[in-house]
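Take a look at the letters that make up each chain.
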Amino acid sequence: MIRLALITLFLLLGCAGPGGNILNFKPQKSYSEYLVEFNSCTGKGILNSKGSLKGKLPFSFRSQRDSTFLEFSDLIGRKALLVWITNNSITARNLIDNKQYQYDEVIELLPVLKVLEPKDITQIIWGVQPNYKEKFKVIPQSVKNNIVLDFHKKNIQDEKQALVGMNYYEKNSKNSIEIDIDLRKRNTDFLNMKKVWRLLKY
């Protein structure tokens, strides 16, 4: 399950691009507009994977400005994986195996991450679809043709037609990944991000 969560997160960062199979939504507000009105964003969701990696992982998130903290749980509710995302870096800690992953390690595994920015995940958490057009001009067309990526909306709480997740499908491997956010709350309060950052330290 830890491997599933890590691979899923890295696939979303490394394979989401503007090919011919992408559904784009116009956000109700831009990311910068949300940051003017709110100071933090919290919520929870489900990660669902099919194909060679099968399983469901619930997760919660806390985001403030350029920092996002994701906490994945295993099937019996234990904290299993912690992920810290900033504008330019990703740090992950496997709580079961007590192993830390730095951004450089992730780039070695998936060099395509050099083209992308971790802040794209934060924008999705806030309910804004990132703009991939410029970033993916250097990605080979053969790679883009193998990807189907749909962003989807639904009504949650007092927000109508909110961006709540994405469906990723790889044609060659037939692997599919779905991220569904079922609770999101944008707040005017500030979060104690130092507290969650300490969870990533040994």
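The structure under discussion appears in the preceding block.
Residues numbered from 1 in each chain as written. Predicted model: local features only at pLDDT ≥ 70, side-chain atom pairs only at ≥ 80, totals over all residues. Heavy atoms only, no water.

**Notes on the overall build of the protein chain**
Here is the rule: Starting at the N terminus, helices and strands are each numbered in turn, a helix being any DSSP run of H or I of at least four residues and a strand any DSSP run of E of at least two. Burial classes: relative accessible area under 20% of the type maximum marks a residue as buried, over 50% as exposed, and values in between as partly exposed (1.4 Å probe, protein chains only). Contacts are assigned to residue pairs that have any heavy atoms within 4.5 Å of one another. The protein chains shown are the only cover counted for residues, whose accessible areas, like all others here, come from Shrake-Rupley with a 1.4 Å probe.
Check the secondary structure of the protein chain and you find 6 helices and 10 strands. Looking at the protein chain as a whole, 50% of its 202 residues are labelled buried. Sequence separation of 24 or more characterises 58% of the internal contacts of the protein chain that already satisfy a separation of 6 or more. In the form shown here, the protein chain has an accessible surface area of approximately 10500 Å², with 52% of it arising from carbon and sulfur atoms.

**Regarding the pattern of salt bridges**
Where we set the bar: Here a salt bridge means any side-chain nitrogen of Lys or Arg lying within 4 Å of a carboxyl oxygen belonging to Asp or Glu.
If you walk through the whole model with that rule in mind, you get 4 salt bridges. Linking Asp180 and Lys154 is a salt bridge whose minimum nitrogen-to-oxygen distance equals 3.5 Å. Taken together, the positions of Asp180 in strand E10 (residues 175-187) and Lys154 in strand E8 (residues 147-156) put the pair 26 residues apart, joining distant regions of the chain. The class of Asp180 is partly exposed, set by a relative accessible area of 21%.

**Considering unusual backbone geometry**
Excluding glycine, residues mostly carry a negative phi; peptide bonds, for their part, are mostly trans. The phi dihedral of Asn98 falls on the positive side, at around 55°, and the residue is not glycine. Within the secondary structure layout, Asn98 lies in the loop between strand E6 (90-94) and strand E7 (99-101). The exposure class assigned to Asn98 is partly exposed, which follows from its relative accessible area of 43%. Here the phi dihedral of Gln161 falls at roughly 50°; this positive angle occurs in a residue that is not glycine.

**Observations regarding the packing of aromatic side chains**
Going by this rule: Here a Phe, Tyr or Trp ring, Trp counted by its six-membered ring, pairs with any other such ring whose centre lies within 6.5 Å, and the pair is stacked when the planes are under 30 degrees apart, edge-to-face when over 60, and tilted otherwise.
A full pass over the atoms with the stated rule returns 4 aromatic pairs. Pairing Tyr31 with Trp126 gives two aromatic rings, centres 6.2 Å apart and planes at 80°, and the pair type is edge-to-face. You can see Tyr31 sitting in helix H2 (residues 31-37) and its partner Trp126 sitting in helix H4 (residues 119-126), a full 95 residues away along the chain. Using a relative accessible area of 0% as the deciding quantity, one classes Trp126 as buried. A ring pair is formed by Phe69 and Trp84, whose centres lie 6.2 Å apart and whose planes are at 65°; its orientation type is edge-to-face.

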